[in-house]
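Structural features, examined
Each chain, written out:
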Amino acid sequence: RKEVEQDPGPFNVPEGATVAFNCTYSNSASQSFFWYRQDCRKEPKLLMSVYSSGNEDGRFTAQLNRASQYISLLIRDSKLSDSATYLCVVTLFYGGSQGNLIFGKGTKLSVKP
Amino acid sequence: DAGITQSPRYKITETGRQVTLMCHQTWSHSYMFWYRQDLGHGLRLIYYSAAADITDKGEVPDGYVVSRSKTENFPLTLESATRSQTSVYFCASSEGTGIGELFFGEGSRLTVL
């Protein structure tokens with residue numbers, strides 16, 4: 001089983017739709033979770049961190065389910081500009097503050113007019 | 001301007017040649033990373049550095065060498081390039097590993113013929 005797994009998509013949705021991505025992780029010791037966004041032929045950029053209690057940033061909601069070992073990203077009222085690849089990132093700590101970020105392969109979202 | 005810059009952005013070389021990809025950051029971040037991104041694999045960590053003169057291997061270090069004599073620079077050298085090292089290489093920095101946000105450079109696209 002891969003350490004971090006994502007549905008590669010693509011998810012093709014119309015503008016205004018709500019879309020959700022899931023990401024599963026295999027190591028129960030994972031401690032920090034993030035969603036990054038990567039536009040075509042660009043560098044990844046942090047979209048949001050994922051907290052245990054869940055968190056929201058405008059149209060974006062991230063949730064963590066430790067029992068089932070998955071995180072999710074919900075995008076409401078999709079915009080054309082949301083078209084990108086969304087990367088799930090999980091961190092394992094090996095002691096102290098030294099950690100290792102594990103990237104999922106990404107889920108591609110295409111929002112159509 | 002503050003940020004993280006990579007050079008060259010595009011490079012074509014031949015098998016067996018030595019290639020050095022440069023990475024420079026102006027934030028004085030302690031941690032720096034080199035990733036490669038390939039279709040079907042996502043982002044994979046090559047090497048990382050916790051501070052000047054401290055480097056460590058990531059998931060795919062074979063065929064690569066790094067150094068960090070100054071906090072702001074983290075060059076990646078392919079000592080004898082192979083076709084399998086054709087990839088997009090991203091440098092990143094952060095204040096801590098797995099704690100905060102990773103800031104990526106724009107990437108260096110390397111083709112080995």
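Just above, that's the structure.
First things first, this report covers the structure right here in the doc.

**A short note on the overall build of chain A**
Each helix and strand counted, chain A has zero helices and 11 strands in total. Its helices and strands taken in sequence order, chain A reads β-β-β-β-β-β-β-β-β-β-β from the N to the C terminus. Over its C-alpha trace chain A gives a radius of gyration of 14 Å, about what one expects of a compact globule, namely 13 Å for 113 residues. Within chain A, the fraction of its 113 residues that count as buried is 46%. Expressed as a percentage of contacts within chain A between residues at least 6 apart in sequence, the contacts between residues at least 24 apart total 57%. Taking the 13 positively charged and 10 negatively charged side chains of chain A as two groups, their mean positions are separated by 4 Å.

**Side note on the packing of aromatic side chains**
All chains considered together, the criterion is met by 14 aromatic pairs over all chains. Aromatic side chains Y31(B) and F33(B) sit 6.3 Å apart centroid to centroid with 15° between the ring planes, which places their arrangement in the stacked category. Each member of the pair, Y31(B) together with F33(B), is buried. Grouped by ring-pair contacts, the aromatic residues Y36(A), F103(A), Y31(B), F33(B), Y35(B), Y48(B), F90(B) and F104(B) constitute a single cluster.

Basis of the calculations
Residues numbered from 1 in each chain as written. Chains lettered and ligands numbered in written order. Predicted model: local features only at pLDDT ≥ 70, side-chain atom pairs only at ≥ 80, totals over all residues. Heavy atoms only, no water. Helix = DSSP H or I, 4+ residues; strand = E, 2+ residues; numbered from the N terminus. Rg over C-alpha atoms; globule rule 2.2 N^0.38 Å. Buried < 20%, exposed > 50% of the residue type's maximum accessible area, 1.4 Å probe, protein only. Contact = heavy atoms within 4.5 Å. Lys, Arg positive; Asp, Glu negative; His and termini not counted. Charge placed at Lys NZ, Arg CZ, Asp CG, Glu CD. Phe/Tyr/Trp six-rings, centres within 6.5 Å; stacked < 30°, edge-to-face > 60°.

Everything listed here is a matter of coordinates, which is why it stays silent on function.
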